[in-house]
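Fold and contact review
Okay, here's what each chain looks like letter by letter:
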Amino acid sequence: MAPIDPRTVILLAAVMSGLMALVLYSLKRNFPASIKGLSEWAGALLVLLLGALLVAGRGRLPDFLSTSISSFLLWSGLYVAYVGSQRFLGVPSRMVPWMVLITGALLAQIWFTSVAPSYHIRLIVTTVMMACLSGAHAWLIFRRGSITSSRALAIGVLLFLFAAQIMRLVTSFSENFPADAEFFDTSAMQLVYITSFAFAALLFSISMVLMATDQLRIELEHLANHDSLTNALTRRHMDEACRGELERCRRHGRSMALLLMDMDNFKAVNDTYGHQAGDRVLVDFVTRVKALLREPDQLGRFGGEEFMALLPETSLEEAIHVAERIRELFAEASDKPHCTVSIGITTNQKDTDTVDTLLARADAALYRAKANGRNRVESA
């Protein structure tokens, strides 16, 4: 059986890198601009493609290109992918230390290629650089945000690449390492290292695509569940949250509270100051109310200038206290324009309560607050 040709493996890796670069570039063109890093990821794969083509030309191209520059492109591609992940995760880049490290490694490669040729020392430089880049990249993804399946795949691939480089470095010092070894040696160990990097590049590019699509799904879910102006939750989401909380209260005998809040004389703000000023008042209202609520509480826009707050594990007395704090916050506001707020409160009372009955009671309480002079809290 003919041995696997390392040059063929490298060329296949180059083709796969090029195809995945096209996929990521297509995602960049079609995904929202808020998803960062796709350009860098696509660019990294193109740099790896060029480096792989130079490596495949080793023995046919000048050593400066096929050895020194190809290694430089390999490290640069891994670093650009790292920068892409930094942008994707919202982490600022520190380019200078990495540029100094990569430049120093390039100078070492040139020296031990053209001045004092040594495959072993070039191997040490390459494996150390790849281990540093893959290890730093894995640590970056691990420590930023929750670990999803796509991020777990990326971390796993990077750790595999890190471990392979460490193993390659260690075995290069063993007695069995041939003194006259070359890159295209067809030994089993060398073939394992070459093919492992090729598959690692493919799997990591797949993980990039999966991470980007996960982020797109998160953003679409956010758009579906949040009001575009105020960033409060939508009416549909609040209905589902109330329904779920009612079920939990029935199972465990707990209490929940619902607040309906309406901004008093809001139409006068629009008529006097304009709709843009009215929008700012709505955004400010949501921001300030959120600051008064607990983490489990949810605030949604019910419609127009009317908002709903869901307070789990809350008695009527506690809900009244929260509502009074909200009312007092806006009653004391001195900035113009501003509105006072009227609030209607209810809590779950029977096992037969539904979202509609809760809303009806809270709405009736809000109507009484309006009828009794506004800037009031009433409970059902």
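Not measured: the values here are computed from a predicted model. (Residues numbered from 1 in each chain as written. Predicted model: local features only at pLDDT ≥ 70, side-chain atom pairs only at ≥ 80, totals over all residues. Heavy atoms only, no water.)

Quick notes on empty space enclosed by the protein
- Throughout the structure, instances matching the rule amount to 2 cavities of 30 Å³ or more.
- Looking at the second largest cavity, its volume works out to about 160 Å³.
- Lining the second largest cavity are 17 residues, with Leu48, Leu78, Leu158, Leu161 and Phe204 sitting closest to its centre.
- Residue assignment for the lining of the second largest cavity shows that the elements contributing at least two residues are helix H2 (38–56), helix H3 (63–89), helix H5 (119–143), helix H6 (149–171) and helix H7 (188–225).
- Ranked by residue count, the leading element in the lining of the second largest cavity is H7, at 5 residues.
- Grouping the amino acids of the lining of the second largest cavity by side-chain chemistry returns 14 nonpolar, 3 polar and no charged. (1 Å grid on protein atoms, 1.4 Å probe; cavity = no way out; pocket = protein on both sides within 12 Å on 5 of 7 lines; lining within 4 Å. Points joined across faces, edges and corners; volume = space filled by probe spheres on them. Helix = DSSP H or I, 4+ residues; strand = E, 2+ residues; numbered from the N terminus. Nonpolar A, V, L, I, M, F, W, Y, C, P; charged D, E, K, R; others polar.)

Things to note about unusual backbone geometry
- With phi around 50°, Glu313 is a residue other than glycine that occupies positive phi space.
- Along the chain, Glu313 falls in the loop between strand S3 (306–312) and helix H11 (316–331).
- Phi is positive for Arg374, close to 65°, though the residue is something other than glycine.
- Within the secondary structure, Arg374 sits in the loop between helix H12 (355–371) and strand S5 (377–379).

Considering the packing of aromatic side chains
- Applying the stated criterion to the full structure yields 7 aromatic pairs.
- Here the aromatic rings of Trp41 and Phe88 are separated by 5.1 Å at their centres, their planes lie at 40°, and the arrangement is tilted. Taken as a pair, Trp41 in helix H2 and Phe88 in helix H3 lie far apart in primary sequence, 47 residues in all. Across the pair, exposure class does not vary: Trp41 and Phe88 are buried alike.
- Ring pairs connect the aromatic residues Tyr79, Tyr82 and Trp98, which therefore count as one cluster. (Phe/Tyr/Trp six-rings, centres within 6.5 Å; stacked < 30°, edge-to-face > 60°. Buried < 20%, exposed > 50% of the residue type's maximum accessible area, 1.4 Å probe, protein only.)

Side note on helix H1 (residues 6–30)
- Across its 25 residues, H1 extends 37 Å between first and last C-alpha, which sits within 8% of the 36 Å expected from 1.5 Å per residue.
- Looking at H1, one finds that the buried residues are Pro6, Arg7, Val9, Ile10, Ala13, Ala14, Ser17, Gly18, Met20, Ala21, Leu24 and Leu27. (Expected span 1.5 Å × (residues − 1).)

Topic: the layout of surface pockets
- Computed from the structure, the second largest pocket encloses a volume of approximately 170 Å³.
- As for the second largest pocket, its lining consists of 13 residues, of which Val281, Asp284, Arg288, Pro337 and His338 are closest to the centre.
- Of all the elements, helix H10 (residues 275–292) adds the most residues to the lining of the second largest pocket, at 6 residues.
- The residue inventory of the lining of the second largest pocket, partitioned by class, reads 8 nonpolar, 1 polar and 4 charged.

Quick notes on the sheet that holds S5
- With mixed pairing, the 5 strands of this open sheet are ordered in space as S2-S3-S1-S4-S5. The open sheet terminates on both sides in strands that have one partner only, identified here as strand S2 (298–303) and S5. Direction aside, neighbouring strands of the sheet carry axes that sit 20° apart on average.
- Relative to strand S4 (residues 341–347), strand S1 (residues 256–263) is paired through 7 bridges, and the arrangement is antiparallel. (Pairing = 2+ DSSP bridges. Axes fitted to C-alpha atoms, helices over the stretch in contact; angles between N-to-C directions.)

Focus on the pairing of S4
- Burial analysis of S4 places 7 of its 7 residues in the buried class, the great majority of the element.
- Residues of S4 alternate between two faces, with Val341, Ile343, Ile345 and Thr347 on one and Ser342, Gly344 and Thr346 on the opposite face, all of them buried.
- Tracing the backbone out of S4, into H12 and back to the parallel element S5 gives a crossover that is left-handed. (Right-handed = clockwise from strand over helix to strand, strands pointing away.)

Quick look at the pattern of salt bridges
- The full count for this structure, using the stated rule, is 17 salt bridges.
- Note that Arg288 is salt-bridged to Asp284, the shortest N-O span being 3.2 Å. Placement of the pair is Arg288 and Asp284 together in helix H10, with a separation of 4 residues, close to one helical turn.
- On the basis of relative accessible area, Arg288 is assigned to the partly exposed category, the value being 26%.
- On the accessibility criterion, Asp284 (34% relative accessible area) is partly exposed.
- One connected set of salt bridges, linked through shared partners, spans Glu245, Arg248, Arg254 and Glu313. (Salt bridge = Lys/Arg side-chain N within 4 Å of Asp/Glu carboxyl O.)

Re the packing of helix H8 (residues 235–252) against H12
- Interaxial distance between H8 and H12 falls to 9 Å at its minimum, and their mutual angle equals 110°. Viewed along their axes, H8 and H12 adopt a mutual orientation that is roughly perpendicular. Contact residues: H8 offers Arg235, Asp239, Cys242, Arg243 and Leu246, while H12 offers Val355, Leu358 and Leu359.
- Looking at the contact of H8 with H12 residue by residue, the classes come out as 5 nonpolar, no polar and 3 charged. (Parallel < 35°, antiparallel > 145°, perpendicular 65-115°, else oblique. Contact = heavy atoms within 4.5 Å.)

Here we look at a nonpolar patch on the surface
- Taken together, the side chains of Leu11, Leu50 and Leu53 present a nonpolar region at the surface, about 250 Å² in accessible area.
- By the secondary structure assignment, Leu50 is in helix H2.
- Relative accessible area serves as the criterion here: at 44%, Leu50 is assigned to the partly exposed category. (Patch = residues over 30% accessible without salt bridge, like charges linked within 9 Å, V, L, I, M, F, W, Y side chains within 5 Å. Areas by Shrake-Rupley, 256 points an atom, 1.4 Å probe, with all protein chains shown as cover.)

Considering the environment of Ala33
- Structurally, Ala33 is set in the loop between H1 and H2.
- With relative accessibility at 58%, the residue Ala33 sits in the exposed group.
- In this structure the C-alpha to C-alpha distance between Ala33 and Pro6, which are 27 residues apart in sequence, comes to 40 Å.

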